[in-house]
Amino acid sequence: MRVLLVDDEVRLADGVRRGLEAEGMTVDVAHDGVDGLWRAREFAYDVVLLDVMMPGMSGYRVCQTMRAEGIWTPVLFLTAKDGEWDEVEGLDTGGDDWLTKPFSFPVLVARIRALVRRGGRERPVVLEAGDLRLDPAARTVHRGDTEVELTARELAVLELLMRRKGEAVTKTQVLDDVWSEDFDGDPNIVEVYVGRIRRKVDRPFGRDAIQTVRGAGYRLAADGG
């Protein structure tokens, strides 16, 4: 397993590198965002560990640039920033997971393995289901020729459903993908967001694309409803 660690805290990065190498991983280290982005472009990694506040280029910008260029390597943010909206921004720029410093090393290893199992399969430039289109890079949604405005979280939920169109997606899967595995709030928040999305992308257009699968979760019709 090859890992890219991008962090300007030299001592911490060295400690993490040695620990991961002891777990049998190969680790490349960059200490600023510019070098980290170059390495992500030039080499194939199984996962990227990315600090947020770095010289040259922030982790947010590194991740956003990777996604815009079609680099879908799983990204785990490692950061001292622990605000809710910091995490939202990290996930909305294309991150796959978020771990706040100081962190447990066994938890870090488990998160890395989980991301690698999930994989970094290539994602299409524009997701489509009938006349429903979502552009992950531009963060826009259209129903036919009409642009539909969604919040960042609504867009993330819809993106997951569109990537899995035709499949039943459970509430737990939505929470893990959009809110992260550490979410400990009311899981019914998923129902709230699905309802909001329906009111924006379905009802005004007389569609029923987002279907409730009794006992399973939700499914987006492959034909866009």
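Above this text sits the structure in question.
Residues numbered from 1 in each chain as written. Predicted model: local features only at pLDDT ≥ 70, side-chain atom pairs only at ≥ 80, totals over all residues. Heavy atoms only, no water.

Engineer: Please clarify how the packing of aromatic side chains should be interpreted in this entry.
Structural biologist: The geometry of an aromatic ring pair is captured by two quantities: the separation of the ring centres and the angle between the planes. Counting across every chain of the model gives four aromatic pairs. Considering the side-chain rings of Trp-38 and Phe-43, the 5.6 Å spacing of their centres and the 80° angle between planes classify their relative orientation as edge-to-face. Looking at Trp-38, the relative accessible area reads 42%, which means it is partly exposed. Their ring planes at 65° and their centres at 5.9 Å tell us that Tyr-60 and Phe-77 sit as a pair that is edge-to-face. Here the residue Tyr-60 occupies a position in helix α3 (residues 59–68), and Phe-77 occupies one in strand β4 (residues 75–79), the gap between them amounting to 17 residues. Taken together, the ring pairs in this structure connect Trp-38, Phe-43 and Tyr-45 into an aromatic cluster. (Phe/Tyr/Trp six-rings, centres within 6.5 Å; stacked < 30°, edge-to-face > 60°. Buried < 20%, exposed > 50% of the residue type's maximum accessible area, 1.4 Å probe, protein only. Helix = DSSP H or I, 4+ residues; strand = E, 2+ residues; numbered from the N terminus.)

Engineer: Before we go on, may I ask you to explain the side chain of Thr-65 in this structure?
Structural biologist: Its location among the elements puts Thr-65 in helix α3. From its side chain, Thr-65 meets the backbone oxygen of Arg-61 in a polar contact 2.8 Å long. Each residue touching Thr-65, except ones within four places of it in the same chain, is listed here: Leu-37 and Arg-41. (Polar contact = N/O pair within 3.5 Å; in protein donor to acceptor, adjacent residues only side chain to side chain. Contact = heavy atoms within 4.5 Å.)

Engineer: In this structure, what is going on with the nonpolar core? I would like to understand it.
Structural biologist: Taken as a class, soluble globular proteins show a tendency for nonpolar side chains to be buried jointly. Judged by nonpolar contacts, the single largest core of 27 residues is most densely connected at Val-141, Leu-158 and Val-201. Elements with a contribution of two residues or more to this core: β6 (127–129), β7 (132–135), α6 (152–163), α7 (171–179), α8 (189–201) and β11 (217–220). In terms of residues, this core owes the most to one element, α6, which gives seven residues. Each residue touching Val-201, except ones within four places of it in the same chain, is listed here: Leu-132, Val-141, Arg-143, Val-148, Leu-150, Leu-158 and Ile-210. (Core = buried A, V, L, I, M, F, W, Y, C linked by side-chain atoms within 4.5 Å.)

Engineer: Can you walk me through the sheet that holds β4 in this structure?
Structural biologist: Hydrogen bonds between backbone atoms are what pair the strands of a sheet, whose relative direction is either parallel or antiparallel. The strand order across the open sheet built from five strands is β2-β1-β3-β4-β5, with neighbouring strands paired in parallel fashion. A single partner strand is all that each edge strand has here, and the edge strands are β2 (26–30) and β5 (97–100). The sheet shows a mean angle of 20° between the axes of neighbouring strands, taken without regard to direction. Sheet topology places strand β3 (residues 47–50) next to β4; three bridges connect them, and they run parallel. (Pairing = 2+ DSSP bridges. Axes fitted to C-alpha atoms, helices over the stretch in contact; angles between N-to-C directions.)

Engineer: Would you take a moment to explain the pattern of salt bridges for this structure?
Structural biologist: If charged atoms from side chains of opposite charge come close, those side chains can pair. Enumeration according to the criterion identifies 18 salt bridges in this entry. Its salt-bridge partner being Asp-28, residue Arg-2 comes within 2.7 Å of it at the nearest N-O pair. Of the two residues, Arg-2 is situated in strand β1 (residues 2–6) and Asp-28 in strand β2; the sequence distance between them amounts to 26 residues. We classify Arg-2 as partly exposed; its relative accessible area is 29%. For Asp-51, the salt bridge identified is with Lys-101, shortest N-O distance 3.6 Å. One end of the pair, Asp-51, is in the loop between β3 and α3; the other, Lys-101, is in the loop between β5 and α5 (105–118), and 50 residues separate them in sequence. The pair Asp-51 / Lys-101 is uniform in exposure class, with both members buried. It is possible to trace a salt-bridge network through shared partners that takes in Asp-7, Glu-9, Asp-51 and Lys-101. (Salt bridge = Lys/Arg side-chain N within 4 Å of Asp/Glu carboxyl O.)

Engineer: Is there a simple way to explain the packing of α6 against α8 in this structure?
Structural biologist: Two measures define how a pair of helices packs: the angle their axes make with one another and the distance between the axes. α8 packs onto α6 with a crossing angle of 90° between their chain directions and a minimal axis gap of 10 Å. Relative to α8, α6 is oriented roughly perpendicular. Across from Arg-153, Glu-154, Val-157 and Leu-158 in α6, the residues of α8 making contact are Tyr-193, Arg-196, Ile-197, Lys-200 and Val-201. Tallied by class, the residues present in the contact of α6 with α8 amount to five nonpolar, no polar and four charged. (Parallel < 35°, antiparallel > 145°, perpendicular 65-115°, else oblique. Nonpolar A, V, L, I, M, F, W, Y, C, P; charged D, E, K, R; others polar.)

Engineer: Looking at this structure, I do not really get the sheet that holds strand β8 (residues 140–143). What am I missing?
Structural biologist: Spatially, the four strands line up as an open sheet ordered β6-β7-β8-β9, and their pairing is antiparallel. Of all the strands in the sheet, the pair left with one neighbour each is β6 and β9 (146–148). The mean inter-strand angle of the sheet, taken between neighbouring strand axes irrespective of direction, is 25°. As judged from the four bridges shared by β7 and β8, these two strands associate in the antiparallel manner. Bridge pairing links Asp-135 to Thr-140 in β8.

By themselves, these observations are geometric and do not establish any function.
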